[in-house]
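Structure at a glance
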Amino acid sequence: MNCARPSGLPIVDAMTPAVLVLAGPVTRDEVTALGDEVRALLRTTGAGVVVCDVAGLGPPGLGTVDLLARLQLAARRAGGRIRLRDPDPALRALLDLVGLRFEVEGQAEQGEPALGVEEEVEPGEPAV
């Protein structure tokens, strides 16, 4: 039995974005390293999106807003973007308040109806 790893880059499904879990309060010193990690994930996966799991960040504040803005900037400079997973409703409200828009996992994309929403039909026409 041969346990040697194959040479070259690992095979990565470009349709499955990498996930970066953000936990606990992030210090200012960690922001640069996280930006580097986002760029590295975009480069290695080729997916163009990094999903940032923000459920463990704790109570939102301006430090969280700054972190997410810097991660989005790092991703954009690398030719990608970030998508938020499990944001607290208070975080979403704070991001809206400061004018930052982020794609949120599970949210309908712009121009698409939300899942489970049926279009209105004329009376007498069968529902689709």
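What comes next concerns the included structure. Everything quoted here is computed from the prediction, not taken from an experiment.

Criteria and thresholds
Residues numbered from 1 in each chain as written. Predicted model: local features only at pLDDT ≥ 70, side-chain atom pairs only at ≥ 80, totals over all residues. Heavy atoms only, no water. Axes fitted to C-alpha atoms, helices over the stretch in contact; angles between N-to-C directions. Helix = DSSP H or I, 4+ residues; strand = E, 2+ residues; numbered from the N terminus. Left-handed = near helix turned anticlockwise from the far one by under 90°. Contact = heavy atoms within 4.5 Å. Expected span 1.5 Å × (residues − 1). Buried < 20%, exposed > 50% of the residue type's maximum accessible area, 1.4 Å probe, protein only. Arc of directions from axis to C-beta. Polar contact = N/O pair within 3.5 Å; in protein donor to acceptor, adjacent residues only side chain to side chain.

A closer look at the packing of helix α1 (residues 28–45) against helix α2 (residues 62–77)
- Viewed as axis vectors pointing N to C, α1 and α2 meet at an angle of 35°, and their least axial separation amounts to 9 Å. As for how α1 packs across α2, the hand of that crossing is right-handed. Residues Arg28, Val31, Leu34, Gly35, Val38, Arg39 and Leu42 of α1 lie in contact with α2, whose contacting residues are Asp66, Leu67, Arg70, Leu71, Ala74 and Ala75.

Focus on α2
- For α2, with 16 residues, the first-to-last C-alpha span of 22 Å sits near the 22 Å given by 1.5 Å per residue.
- A positive backbone phi angle near 90° is found at glycine 79, which sits one or two residues after α2.

Re the side chain of glutamine 72
- Examined against the element boundaries, glutamine 72 turns out to sit in helix α2.
- Exposure remark for glutamine 72: the relative accessible area of 11% places this residue in the buried category.

Section: helix α3 (residues 89–98)
- Three or more residues of α3 are buried, namely Leu91, Leu94 and Leu95. With its buried residues spanning 100° around the axis, α3 presents them on a single face. Exposed and oriented more than 90 degrees from the buried face of α3 are Pro89 and Leu97.
- Buried residues in α3 make contact with β2 (49–56), α2 and β3 (81–85).
- The opening residue of α3 is aspartate 88, an N-cap whose side-chain oxygen sits 2.7 Å from the backbone nitrogen of alanine 90.
- One or two steps after α3, the chain reaches glycine 99, where phi turns positive at roughly 85°.

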